[in-house]
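Tertiary structure, described
Residues per chain are reported as follows:
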Amino acid sequence: MEYTTHIKAKSGWFDIDLKELFRYRDLVFLFVKRTYTTMYKQTILGPMWLILNPLITVMLYAFVFGRVAGLSTDGAPYFAFYLCSNAIWSFFATCITETSSTFTANAAILGKVYFPRLVMPISSVVTAMLNMMIQLGILVFVLVYYGLSGVELHISRAVLLVPVLIIQTGLLGLGCGIIVAALTTKYRDLVILVSFGVQLWMYASPVVYTFSQIPEKYLSFYLLNPMAPIITVWRHAILGTKGIQGIYWGISWLITVAVLFTGIILFSRIERTFMDTV
Amino acid sequence: MSETVIKIENLKKQYRLGTIGGRTLNAELQSWWARKRRKEDPNLRIGEERSDYGKPFWALKGIDLEVKKGEALGIIGANGAGKSTFLKILSRVTAPTEGDIWLNGRVASMLEVGTGFHGELTGRENIYMNGAILGMTKKEVDRKIESIIDFSECREFIDTPVKRYSSGMYVKLAFAVASHLDAEIMVMDEVLAVGDMKFQKKCLGRMGDEARSGRTVLYVSHNMATIRNLCTRCIVLDKGALIFDGNVEEAIGVYRAELVKDDLLLRIECKDMLRRNRLGMKSHISTFEFCDVDIPEYLAGDTMLFSVYWYNPEQIRDAIARITIKTAEDELIATSESQIMHNVGSGDHITRFRFNTKNLVDGMYKLVFSISEINEFAQTELLDEIPQVISFRIIEKDLYKNQKARWIKSYWGNIRLDPMTAEDITV
C-alpha cells in the first residue's frame, strides 16, 4: 500500500519539499497581489506612494549626505547616485524586515491551515523586488534625462550583471530574514532589534558613501560585509563608478549561499512546531 | 471501498507548561539568572509552582487509528481531550512529538472557514486567495468559480469587498470555497456551527455527499446532532487517549458517561471556592448536599431532595433560590425557581429544597445552584452561586407501563412538558 504523505515526528536537516513549494506558486503571486491591492486602499495618493516614497528618501540623502556632508560620489551625479544606492538597499532592507515578521504577523493563517511556510517569505521578497523595479524605472528615467541634458554617463556591458545582483540581494535578504523569523518565534525582542540592525547595517555598507572613502588597511575586512561588494558592483554596473576585485564579490556569494542554507535549515526546523510557541 | 487512507501509529504530542507563548530574551535571561541563584523566578505567574516550569504535558498520549476510504469519522471528547491537537497534526499545522501518520491523498483542512480572507478584497478575489491557501491552483479555481459562487448564494455581491458582507454571507462564501476542494480527505472542526439553519442543512447535505462519493471526512463537534447526521463511525478522546472507537450512538453514550463520571458527587463543599465577580458577599453558600440517595440518580418523577447550607451577614428581605439545568454538553435546558423566602434573618441557614424531576427525560444533567435577592424594584440580584457544576442522572424505566412512548431527545428535547389531554369528540 502506497501512501502519498508521511507525517513524522522528527525531520531531517534539510527538509524542504521543493516540488510542493512549486505547486503552491499561485499562492505566492496571490499574496503579492493581495499586498498591492490592499496596501494603498483608503489613501489619497494611492499607488503614487510607490514613487513618492523612494523619491523623498533619495532627495533627503542627496541633501544631507551630498550637499551638507559633501560625501564623494566618485563623480556620479548626486541624484542618480543615491537613487541607485537606495534602490538596491531598500530592496534588501525590505526583504529582511518583511520576512522576519513572517511567523508573527501571519500566526492567524498559519495556525489554521497548512501550506509550505516558505511561500510567505518568498512572496515578501517578490513584493520587495517589484517595488525595486519601480525604483529602477525611475532611475532609468532620470538617467535618460541626464543623458539628454549632456551629462556624461558610463554605461558599459557590466549592466548585464544587474539581474544577477538582484537575485543575489533577494537570496541574501531572504536568508537573513528567515533566520530572524525562526528566532523571533521564541524571542519577540528580535523584531525590534531587526529595525535597528538594518539601520546599522546600512551605515556599515556603502549606501550613502563609496567604498573608496574606507581607509586602505580596513578595506579587505570591510568588504567581507556581503552587501558592500553587491552595492559597489551594482553602482559600477549602472553608473560606471569604480569597481572592486572580483574575489570580494565571490566571497559575498559564498556568504549569501551559506546564510540562505542556514536560514532554510533553521526555518524548516521551526516551521513544524512554531504554532506551539507563538 | 475498504482501502485505508489514514493510518496513524502511536501518535503523541507534548507541550511544555510555562514555556508556551513568546518570551523576550530579557525575560529568559532573568529567569535563568534567578534559577542560578535559587531565587524565585520573577516571570512566573503568581501561584504557579516553580516545579511546573517546563513540565511536559501530553496532549495526545499515543493514538492508533486507521480510517478507510469513504468513512465519515466523528471525533468527540470533552474540552482538553486533545481533539483540536489531533486535527492540527493531521492538517500539518503543527508536528507530532512522536509517532507516524500515513495519508493517501490530499488533505483539505477546515479548522476555520475563511482563513486568509481580506476585508479589502472582493468576494471573487477572496475566492482565489482562499482557494490557493487551501491548496488549489489558479486553474482549478477558474474551473470551479461559477459553481462556488452559486453555492455561496452571494452572486449579487461577488465583486464587492467582503468587509461590506454580513457575517452570514462571509461564512457562506468561505464555506463554498472550502467545499469545492478536490481533496480525498477532509478535516473539519465545528465549521458547520455557523450560518443560518437553511445553509447549515445545505452544507451538511454536501458533506454527506462527499462521504458517499468516496471521500473521507473527519469531523470534530460538540454538537451530537450533526455527528449523528453526518458520521458513520465515531471515536471518543479523553485526556489525550482514544477510549472508544466504533458505532456513533455507543460513542455518544461513552462520551456522555465520561463527561460526568468524575463528578457525580453527593456533597459539594464550596465554602472556600473562588467566586467570580463579587458573589458570596451578601450571602455565602457553604455546602450543597443531595439527601436520601446514594448517588444522585433519580427515576423520572421522583422528587430530588437537597439541602443547602448558607450564611448571610445581614437580613435579606426577599430571597429566591434557582437551579439552572443543563445537559451534559452544557446546553441550557430550563430553570426552576423556589418560592420567595421572606425576611431571611442574618446568620447560618440550612434549607431543604424539593424538586420534582417528572419533566426531565432520561439522561445526564448538570445543575447550577444560586441564591438571589429581589429588591424593591422587583429586580433580582445574584448573591451567590455554587462555582462547581453539580451532576445528576435521570433514569426512565418501564416506559410502556407508565404509558409513555420512547423519547428521542434529538427531536423533542430534554423536557417533556405535562401531557395534554386527548378527547375523542367525533360524532
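In this report, we go over the structure that sits alongside the text. Since this is a predicted model, take the numbers as computed values, not measurements. Per chain, the residues get numbers from 1 upward, laid out in the order the sequence is written. Labels follow written order: the first chain is A, the first ligand is 1, and so on. The predicted nature of this model means local features are confined to residues of pLDDT at least 70 and side-chain atom pairs, given and counted, to a pLDDT of 80 or more, with totals for whole chains, interfaces and linings taken over all residues.

Looking now at the overall build of chain A. Helix and strand definitions here come from DSSP, where helices need a minimum of 4 consecutive H or I residues and strands a minimum of 2 consecutive E residues; each element is numbered from the N-terminal end. Broken down by element type, chain A carries 12 helices and 1 strand. In chain A, the succession of helices and strands from N to C terminus is β-α-α-α-α-α-α-α-α-α-α-α-α. Residues are called buried when their C-beta atom has 20 or more other C-beta atoms within 10 Å, exposed when it has 12 or fewer, and partly exposed otherwise; all C-beta atoms are positioned from the backbone. For chain A, the residues scored as buried account for 40% of the 278 residues in total. Each residue is represented by a C-beta atom placed from its backbone, and any two residues with such atoms within 7 Å are regarded as in contact. Expressed as a percentage of contacts within chain A between residues at least 6 apart in sequence, the contacts between residues at least 24 apart total 80%.

The next point concerns the packing of helix α3 (residues 123–133) of chain B against helix α4 (residues 138–152) of chain B. Residue and element names in this part refer to chain B. Helix axes are fitted only over the stretch in contact, all axes being lines through C-alpha atoms; the angle between N-to-C directions runs from 0 to 180 degrees. Interaxial distance between α3 and α4 falls to 10 Å at its minimum, and their mutual angle equals 125 degrees. Judged by the angle between their axes, α3 and α4 are oblique. In the crossing of α3 with α4, the sense of the turn from one axis to the other is right-handed. Side by side, α3 and α4 meet where I127, Y128 and G131 of the first sit next to K138, V141, I145 and I148 of the second. Each residue receives one of three labels: charged for Asp, Glu, Lys and Arg, nonpolar for Ala, Val, Leu, Ile, Met, Phe, Trp, Tyr, Cys and Pro, and polar for the others, Gly being one of them. Of the residues contributing to the contact of α3 with α4, the split by class is 5 nonpolar, 1 polar and 1 charged. Note on angle classes: values under 35 degrees are labelled roughly parallel, values over 145 roughly antiparallel, values of 65 to 115 roughly perpendicular, and the remainder oblique. Left-handed describes a crossing in which the near helix is turned anticlockwise from the far one by less than a right angle; the clockwise case is right-handed.

Next up on the list: the sheet that holds strand β17 (residues 347–356) of chain B. Residues and elements named next belong to chain B. When DSSP finds two or more bridges between a pair of strands, those strands are recorded as paired. With respect to topology, 4 strands assemble into an open sheet ordered β10-β11-β13-β17, the strand pairing being antiparallel. Edge positions in the sheet fall to β10 (267–269) and β17, since each of these pairs with one other strand and no more. Across the sheet, the axes of successive neighbouring strands diverge by a mean angle of 20 degrees, strand direction being ignored. Where strand β13 (residues 303–312) lies against β17, 10 bridges are found, and the strand directions are antiparallel. Residue pairing across strands places M304 opposite F355, the latter belonging to β17.

Let us look at the interface of chain A and chain B. Taken together, the 31 residues of chain A in the interface contact 40 residues of chain B. Class assignment for the residues of the side of chain A that touches chain B results in 13 nonpolar, 8 polar and 10 charged. Across 4 bridges, strand β1 (residues 5–8) of chain A lies against strand β4 (residues 98–103) of chain B in antiparallel orientation. Bridge pairing links H6 of chain A to W102 of chain B in β4 of chain B.

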